[in-house]
Amino acid sequence: NFTVTLQPIDVSGNRIGSYEDSRTGQLVVQVTQKNDNKPKPVNPNATSTFSVVQFGHFKLTDQQLNYVDVDSDFSSGQLLYTIYSGLKYGTLLLNGRPVRQFLQSDLNTNGITYQHTASKNVLPDFMGYYVSDENPANHFYSLLTFDIVPMSMTIRGEVLQVIEGKQRMITVEHLNVSSNLKPFFSRHVVFVLASLPANGQILVRGQALPLSGNFSLEEAESGDVVYLHDGSDTITDVLAVVPQYLGKIFLQHSIKILVQAVDDTPPVIHKQQGMAVDDGSVTRIESDILSAHDDEVDSHDVVFMLEQQPRSGVVLRAGKTTRSFTQYDLDQGLIDYQHILGSHYYDSLIFSVTDGTNSIPNITLDVVIYPRV
């Protein structure tokens, strides 16, 4: 607005009267703005290329997309984005729902999410869009690029330890999954059985898993997956699985299984019918005459114990009288039978054998004594 002075004039344009007859007042001029400019980006140099992990998402906010309308009467928040091409391998989500149009105000508040949906394709995805105000003729065209980074998955975990003949849950401690996809969903992580365990089976909710069967990481987290050992005298086993995520296959992974043996069988006895000795002599009891073995314990733990004293001699260990000795002592040649000169010409050694848990009684080794000539 500005100040003007009004004074009467005649038809020829000449002033009439004195200056005192003039009047002073304000004239307000209102200019109607013409909506003839397109919306413009706030930051023309902002990046238009974004990296997205395969199966992942990227959130677009006003930090990535922000436009203003320099000559529109309404708020820039009402600027309308329209997708006109692209998005071959993904989709745009607003509050979890697919959209092809959205407002600047949506970007300013909650943001718009690009979700990669092509399970096996890692080619770049493009989004052609234009921004418009209330004048349909005012369009600003632009393009976004989403570079898809292949998903990676690494599995580490503890050794699975199980007691012979028992079962043990396979948990995330044994299948510790890490990935560049964050977050990933455990229900989508699937393990396909590449080979059957040699000495057991995998049970999922109580049902045996066949070759090429699968279970999910979510099921392992819930305690629904177990390894059941078959009770054989084995100390190791292997679980081989091929991880997958929404159809993408990763390298085979093996879980080492250690079996804690249970001493549930007695030693096995190997002996001859008897041994012959000379009257009054000392004779070695070789391991091919008397021996016992147990696959579940060491030879130091297989112990022979005399149930009664021999009537015609004594048992020696390293030259000293003993009532017990081990299989290791026999293997090392430390055990002898000494006959007492002039005594009976027949004797018997009656042992019990134990592995510390299981025992076998009344093991008899006959001794024939040859008299001196």
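As shown above, the structure is provided for reference.
All of the points below concern the structure found in this document. Here the residue numbering is sequential within each chain, running from 1 through the sequence in written order. Note on the predicted model: pLDDT of at least 70 is required for a residue's local features to be given, and 80 or more for side-chain atom pairs to be given and counted; whole-chain, interface and lining totals, by contrast, use all residues. Heavy atoms throughout the structure, all of them, feed into the side-chain values; hydrogens and water do not.

Attention now goes to the overall build of the chain. In DSSP terms, a helix is any run of H or I states spanning at least four residues, a strand is any run of E spanning at least two, and both are numbered starting from the N terminus. Looking only at helices and strands, the chain features three helices and 36 strands. For this measure, only C-alpha atoms enter the radius of gyration; the expected value for a globule follows 2.2 Å times N^0.38, where N is the number of residues. In summary, the chain has a C-alpha radius of gyration of 47 Å against a globular reference of 21 Å for 373 residues, an excess of more than 25%. Referenced to the eigenvectors of the C-alpha coordinate spread, the extents of the chain come out at roughly 180 × 40 × 30 Å. Long-range contacts, defined as pairs at least 24 residues apart, comprise 64% of the intrachain contacts of the chain with a sequence gap of at least 6. We get accessible surface area from the Shrake-Rupley algorithm with a probe of 1.4 Å; when it comes to residues, only the shown protein chains can shield them. Element-wise, carbon and sulfur atoms account for 50% of the exposed surface of the chain, whose accessible area totals about 20800 Å². Positive charges are assigned to Lys and Arg, negative charges to Asp and Glu, while His and the chain termini are left out of the count. The location of each charge is read from NZ of Lys, CZ of Arg, CG of Asp or CD of Glu. Separation between the mean location of the 25 positive side-chain charges and that of the 41 negative ones in the chain comes to 7 Å. Any two residues having at least one pair of non-hydrogen atoms within 4.5 Å are treated as being in contact.

By the element assignment, S179 lies in strand β17 (residues 176-179). For every residue, the accessible area (1.4 Å probe, protein chains only) is compared with the maximum for its type, and the residue is labelled buried under 20%, exposed over 50%, or partly exposed between those bounds. You can call S179 buried: its relative accessible area is 9%. Contact partners of S179, with chain neighbours within four places excluded, come to M151, S152, M153 and F184.

Another point: the packing of aromatic side chains. The description of an aromatic ring pair rests on the distance of the ring centres and on the angle between the ring planes. Centre distance within 6.5 Å is the pairing criterion for rings of Phe, Tyr and Trp, where only the six-membered ring of Trp is used; planes under 30 degrees apart are then read as stacked, over 60 as edge-to-face, and the remainder as tilted. A complete count under the given rule lists 16 aromatic pairs for this structure. Clustering of aromatic rings is evident, with ring pairs tying together Y67, Y81, F102, Y129 and F140. Put simply, a charge is over a ring when the Lys NZ or the Arg CZ is close to the ring centre, within 6 Å, and near the line of the ring normal, within 35 degrees. One Lys or Arg, R187, reaches over the ring of F185 and ends 4.9 Å from the middle of that ring.

The quantities given are spatial measurements derived from coordinates; they are silent on function.
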